[in-house]
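Close look at the chain arrangement
Listed below, chain by chain, are the residues.
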Amino acid sequence: MSSSSARLVCDFCSSTVFTFSACQLALAAEQGFSYTTQKWKAIVDGDEEGCTLCWILREKIVEFNGLARNGSKGPPGDDEDFEVRITYNESQLKVDIKMLHHEHVYPVYCSPDDPAAACISGRNVMWQVGSDRAFELASKRIAECDKSHPSCPKLHPIELPTRVVDCKDLQKLKLVITNGRQGSYVALSYVWGEPQPHSTTTTNLARYQEELDIRLFPKTIRDAITCTHKLKLRYLWIDTLCILQDSAEDKTREIARMHNIYRDAYVTIVAASARRVREGFLEDRDDPMEEDRRLPLWCPDGRLGTISVFDAWSYTPYRNPVDERAWCFQERAMSPRTLLYCVDSLQYQYITDPEMREVGGASIYGQSDRYVPRLPNMMMASRTPPDVISKEDAYALRKAWKDVLATYTRRALTDRSDKLPAISAVAQTFGMWWGPGQYIAGLWEQTLSSDLLWSIQGGSTDHTGYIAPSWSWAATVGQVSLDALRVSDILWEIQVCEAVPATEGFLFGQIKGGKLQVRGIVRSVIWDGEEVELFERRSEAMGYEVEGQNTTQRSSIGPIHLSNPDLRRSSTGIEGNTTAAFPNLVLAQATPSSSASVKPNNRAEIVKPFIKIVKKLVPCVTNRHHTPSEITAGKLVQPLSISALERIQDPGSNLTRTSQADQTATDVYLAGSITPSTLLTSPQTIGEVGEHLKSFQSPEVTSTSPLNEVAVLAAPKVGESRISRCSREEEVLSDSLSNLQLKSADDETTTKEFLRRSGFVHVGYVYLDSKEGAMFEKGFAIVVGSDGDSRLNGLLIMPAGDEGGQAVFRRAGLFVLNGSRNDDPDAPFCDLALWRTTAAQVITII
């Protein structure tokens, strides 16, 4: 063995495993070479001296030794040896340590000019991506694809984009106005990352048609021109040079053609490694052979070669900056053939093979988590979709669209208004295949109910200006999924769903308005944003408890209409057994314990967090949410007068009211429903906090309204009993004087337990569009449909003002109701039959 090879392994391994005869046996995959290793201590020493085989043996013996010895841990004894079998195939090294009963496999590769290339097919990563060898390999892969793949674009004339860069002579570059000229061209996909001052505009267009000075442009643009020339192709399309950057009209027109620009390109160059346009992409990458372990290998022709061993199953690519950018998504997805200049190597991909491949032949494992799903071959191969598509093709299209949204919405945009334009090329292509169904702000008319049930992971609402209606995923920030909820039976009616394009006639671009009008089951609910749980008032979820003289019966309830003729005024206050029905946060009775107290030296520590919580929850007191019918009818009652509550005393209450400030603090606390429980045991402490509330109370909180003017709704009669519906003031009063018993200071109260005590029941779960906002939110649930017999799914909405006197709402998320009883007391349960029989209402969501 040569001295250079001997340094790769220790003397023992060199004289046993890596002799010519041993290597020939190891290359015979059906037999392999078996031998007895040196002692364990010598293996450890060999690893420390740099022997690759001793490193492999030591690592795996230590890793699996406990399993082989029935759980006995620790390294083998110094004098212990092992039976090992070594085998090669074309791209793998297999090491079978008999005692471990496990064969370990390592990918191996070599340089194409190494003697071992005759018997080892694995190749090293092409890290010199700008070398002549790299361009030679890239041209070879493109030619193989052109020859062997009927679905991929051929090197024949096709109508060129509006403008292209002529790269035939690097000394005489120019911008060409094609005017319908035909030819083959290259497209560039890259990250701008910064302004490009020498982009084409209406003022320099004429000059650029005469000459382009390559020295003016950032390195990525220069590298793309060089790459096109080296690949022996003439024309190059680059957005910064081929779109007039100061013309909104030209941008709109060219973006509308983007699906054809990338789909018709002979090859798309992806500057995947460049974080910004100035960086370029043709520089040498790190040489992986500097870190990979190497072994000698005697070849059958008598020559000694060198192979490298991956310390993994196979080559795993790094994440590329281009995989983080939204605009680059459709450029890659629409390209039938791509050449990717990645962070660590040169790779390629084409539509007939969804996997990325390394131009040098290195195996690739573990795609980037921003991996671009390939569009179905049928979409890329044909410009004329059939009149009718099969069920299999329809399923493939639907799945592909879900994958597109999930991947695209993980990516970043510099300008949020590009949310829909940056995927317009892909959307247009899907639109060709799905037929005449309209594309509406990112949703499809023919699958609209399902599309509206999108969910978002870890997202937020987009506050950077109007992007899309709240019912469109484009209005949010975060990864979108269309698989969160399903409906097998649609229970609502979509009356209107429309989006107004910013550019007339171009449905796939920016949106300046839209609305969704539906008729369906609507009920008031409250949800916990942290635990993503949905609640409904017990009286509404289970029906009223109607008390007669000796019996208790149940009666379901319907929508509330303040214009109902049964509504009447009472001069004496509350009639009957009132139960609040508006979707407001509970105002619960706090019953302090006479024996409880708060130590004076701890009082300040308790007051501080309480004030912070109250500041956040004060708006909950003044939030005037009503049923959709009430809002639509304009029957908005006056806000609560907290000061008036001081004059009311519930006979069943043990609450001692010490001052106006005490009661104000108590009621504000009760509106929020969360605070350190130690505060609830001391009216004196609450009074202390009340003094601090004066500086931030809402003007609405201190407004006055006569409490004796109460609206009462006639209920189904049971004997002489009746059920009362109360006004806003009476509802708050009823809640605040309930019999809720809060836990003591040393007890922990969960959200579900608190809401249960407050008269709510847990009926389902929610998927929120935004994690921002208060812990508790209130609004309405609109049923979209059912998923089997035990689930109802739909949208959560909240009031969003009015338009032309008509109340409108915004989407807040999704909900799912559970109609199956469970022994677990924490599991949700909803009376689905009661929901299904609720009268339908018409709602407008913007």
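It should be noted that the structure appears before, not after, this text.
I will try to describe carefully the structure that is included in this document. This one's a predicted model, so the numbers in the text were calculated from it and none came from an experiment. (Residues numbered from 1 in each chain as written. Predicted model: local features only at pLDDT ≥ 70, side-chain atom pairs only at ≥ 80, totals over all residues. Heavy atoms only, no water.)

1. Section: the overall build of the chain
Just so we agree on the cut-off: Where helices and strands are cited, they refer to DSSP runs of H or I of at least four residues and of E of at least two residues respectively, numbered from the N terminus. With a 1.4 Å probe rolled over the protein chains alone, any residue whose accessible area is under 20% of its type maximum counts as buried; one over 50% counts as exposed, and the rest are partly exposed. For this analysis, residues touch if any pair of their heavy atoms sits within 4.5 Å. For the accessible areas, the method is Shrake-Rupley and the probe is 1.4 Å, while residue cover comes only from the protein chains on display.
A count of helices and strands for the chain gives 25 helices and 35 strands. Put simply, the chain has 846 residues, and 55% of those count as buried. For the chain, the share of sequence-separated contacts (at least 6 apart) that also reach a separation of at least 24 residues comes to 72%. Here the chain has roughly 37100 Å² of accessible surface; of this, 48% comes from carbon and sulfur atoms.

2. A few points about helix H14 (residues 391-408)
Counted only if it meets this: Expected helix span is given by 1.5 Å per residue-to-residue step, counting one fewer step than there are residues.
Taking 1.5 Å of rise per residue, 18 residues should cover 26 Å, and H14 covers 26 Å from first to last C-alpha, within 8% of that figure. Taken together, the buried positions of H14 are Leu397, Arg398, Ala400, Trp401, Val404, Leu405, Ala406, Thr407 and Tyr408.

3. Topic: the packing of aromatic side chains
Note the threshold: The rule is short: rings of Phe, Tyr and Trp, with Trp giving its six-membered ring, pair when the centres are within 6.5 Å, and they are stacked under 30 degrees, edge-to-face over 60, tilted in between.
Taken as a whole, this structure holds 20 aromatic pairs when the rule is applied. Taken together, a centroid distance of 6.1 Å and an interplanar angle of 75° make the contact between Tyr208 and Phe217 edge-to-face. Taking relative accessible area as the criterion, Phe217 reaches 5% and is therefore assigned buried. Between the aromatic rings of Phe430 and Trp434, the centroid separation amounts to 5.3 Å while the plane-to-plane angle is 40°, which identifies the pairing as tilted. Residue Trp434 is classed as buried on the basis of its relative accessible area of 17%. Ring pairing ties together the aromatic residues Trp401, Phe430, Trp434, Tyr439, Trp444, Phe506 and Phe508, which thus form one cluster.

4. Considerations on the packing of H14 against helix H15 (residues 424-433)
Keep this limit in mind: In this analysis an axis means a line fitted to C-alpha atoms, helices contributing only their contacting stretch, and an angle means the value between N-to-C directions, from 0 to 180 degrees. An angle below 35 degrees is read as roughly parallel, one above 145 as roughly antiparallel, one from 65 to 115 as roughly perpendicular, and any other as oblique. Left-handed describes a crossing whose near helix is turned anticlockwise from the far helix through less than a right angle; right-handed describes the clockwise counterpart. Classification convention: Asp, Glu, Lys, Arg as charged; Ala, Val, Leu, Ile, Met, Phe, Trp, Tyr, Cys, Pro as nonpolar; all other residues, Gly among them, as polar.
Where H14 meets H15, the closest approach of the two axes is 12 Å, and the angle between their N-to-C directions is 165°. Compared by their axis directions, H14 and H15 come out roughly antiparallel. In this structure, H14 meets H15 at a crossing whose hand is left-handed. In contact with Leu397, Ala400, Trp401 and Val404 of H14, H15 contributes Val426, Ala427, Phe430 and Trp433. Counted by class, the contact of H14 with H15 contains 8 nonpolar, no polar and no charged residues.

5. Here we look at the sheet that holds strand S14 (residues 337-341)
Where strands meet in a sheet, backbone hydrogen bonds hold them as pairs that are either parallel or antiparallel. Applied cut-off: In short, DSSP must find at least two bridges between two strands for them to pair.
With respect to topology, 8 strands assemble into an open sheet ordered S7-S6-S10-S9-S11-S14-S15-S16, the strand pairing being mixed. Of all strands in the sheet, those with a lone pairing partner are strand S7 (174-177) and strand S16 (353-358), marking the two edges. Each neighbouring strand pair of the sheet contributes to a mean axis angle of 30°, computed without reference to strand direction.

6. Notes on helix H4 (residues 40-48)
Short version of the rule: Note that the arc is defined by the directions from the helix axis to the C-beta atoms.
By the burial criterion, the buried members of H4 are Trp40, Ile43, Val44, Gly46 and Asp47. For H4, the angular spread of the buried residues around the axis is 160°, confining them to a single face. Looking one or two residues past H4, Gly50 carries a phi angle of roughly 105°, positive in sign.

7. Observations concerning the nonpolar core
Formally: We define a nonpolar core as any set of buried Ala, Val, Leu, Ile, Met, Phe, Trp, Tyr and Cys residues linked to one another through side-chain atoms lying within 4.5 Å.
Counting residues in hydrophobic clusters, the biggest one holds 122 residues, and the most contacted among them are Tyr341, Trp401, Val426, Phe430 and Trp473. Those residues in contact with Trp473 that sit more than four places away from it in its chain are Leu405, Tyr408, Thr409, Lys419, Leu420, Ile423, Gly442, Leu443, Trp454 and Val480. If you look at the next biggest cluster of nonpolar residues, it comprises 42 residues, including Cys23, Ile43, Leu53 and Ile120.

8. Some words on the environment of Ser184
We count it as follows: Nitrogen and oxygen atoms within 3.5 Å of one another constitute a polar contact, given that in protein one can donate a hydrogen and the other can accept it, and given that sequence-neighbouring residues count only through two side-chain atoms.
Mapping Ser184 onto the fold places it in the loop between strand S8 (182-183) and strand S9 (185-189). Ser184 gets classed as buried once you look at its relative accessible area, which sits at 17%. Sequence-wise, Ser184 and Asp264 are 80 residues apart; in three dimensions their C-alpha atoms are separated by 8.5 Å. With sequence-adjacent residues up to four places away left out, Ser184 is seen in contact with Lys154, Leu155, His156, Leu160, Tyr235 and Tyr266. Within the local environment of Ser184, its side chain forms a polar contact with the backbone oxygen of His156, the two atoms lying 3.3 Å apart.

9. Looking at the environment of Ile440
Its place among the elements puts Ile440 in strand S17 (residues 439-440). What makes Ile440 buried here is its relative accessible area of 3%. For Ile440, the residues in contact, after removing those within four places along its chain, are Glu445, Trp471, Cys497, Glu498 and Ala499.

10. Some points on the environment of Val125
Assignment of secondary structure puts Val125 in the loop between strand S4 (102-109) and helix H6 (132-148). Linking Val125 and Val359, residues 234 residues apart in sequence, is a C-alpha distance of 8.1 Å.

11. Observations regarding the pattern of salt bridges
Note the threshold: We count a salt bridge whenever a side-chain nitrogen from Lys or Arg sits within 4 Å of a carboxyl oxygen from Asp or Glu.
Considering all chains together, one arrives at 28 salt bridges under this definition. Glu48 is the partner of Arg58 in a salt bridge, and the nearest nitrogen-oxygen pair spans 3.8 Å. Taken together, the residues span a long stretch of sequence, with Arg58 in helix H5 (residues 52-68) and Glu48 in helix H4 at a distance of 10 residues. A salt bridge links Asp166 to Arg234; its shortest N-O distance comes to 2.9 Å. Of this pair, Asp166 sits in strand S6 (residues 163-166) while Arg234 sits in the loop between helix H8 (219-230) and strand S10 (235-237), and the two are 68 residues apart along the sequence.

12. Structural notes on the layout of surface pockets
Under the convention used in this document: Residues are called lining when one of their atoms sits within 4 Å of a cavity or pocket point, these points coming from a 1 Å grid over the protein atoms alone, where a cavity is a set in which a 1.4 Å probe fits but cannot get out and a pocket is an open set with protein on both sides within 12 Å along at least five of seven lines. Grid points are joined across faces, edges and corners, and a volume is the space filled by probe spheres set on the points. Delimitation of the domains relies on an automatic or database domain assignment.
In this structure, the largest pocket spans a volume of roughly 920 Å³. Every residue lining the largest pocket is counted, 32 residues in all, and those nearest its centre are Gln245, Lys251, Ile255, Trp327 and Asp418. Within the residue set of the lining of the largest pocket, elements represented by two or more residues are helix H10 (248-256), helix H11 (258-264) and helix H12 (326-333). When grouped by side-chain class, the residues that make up the lining of the largest pocket number 17 nonpolar, 8 polar and 7 charged. In this structure, the lining of the largest pocket is formed jointly by two domains, domain 2 (132-290 + 316-372) and domain 3 (378-452 + 459-521), each of which donates at least three residues.

13. Focus: unusual backbone geometry
Residue Asn179 is not a glycine yet carries a positive backbone phi of 50°. When you line up the elements, Asn179 lands in the loop between S7 and S8. Accessibility expressed as a relative area gives 70% for Asn179, which makes it exposed. Phi is positive for Lys232, close to 65°, though the residue is something other than glycine. Tracing the backbone through its elements, the reader meets Lys232 in the loop between H8 and S10. On the accessibility criterion, Lys232 (75% relative accessible area) is exposed.

14. Here's the deal with the packing of H12 against H15
Two numbers describe how H12 lies on H15: the axes approach to 8 Å, and their chain directions differ by 40°. Accordingly, the angle class assigned to the pair H12 and H15 is oblique. Touching Phe329, Gln330 and Ala333 of H12 are Ser424, Ala425 and Val426, all from H15. Taken together, the residues that form the contact of H12 with H15 break down as 4 nonpolar, 2 polar and no charged.

15. Remarks on the sheet that holds S4
Read from one edge to the other, the open sheet built from 6 strands follows the order S1-S2-S3-S4-S13-S12, with strand pairing classed as antiparallel. Whereas interior strands pair on both sides, the edge strands pair on one side only; in this sheet they are strand S1 (33-36) and strand S12 (293-298). Sheet twist, expressed as the mean angle between neighbouring strand axes with direction ignored, is 30°. By the bridge criterion, 6 bridges tie strand S3 (residues 92-97) to S4 in an arrangement that is antiparallel. Paired with Val95 across the strands is His104, a residue of S4. Along the sheet, helix H3 (residues 20-27) contacts S1, strand S2 (83-88) and S12; its crossing angle with S12, the most-contacted strand, is approximately 100°.

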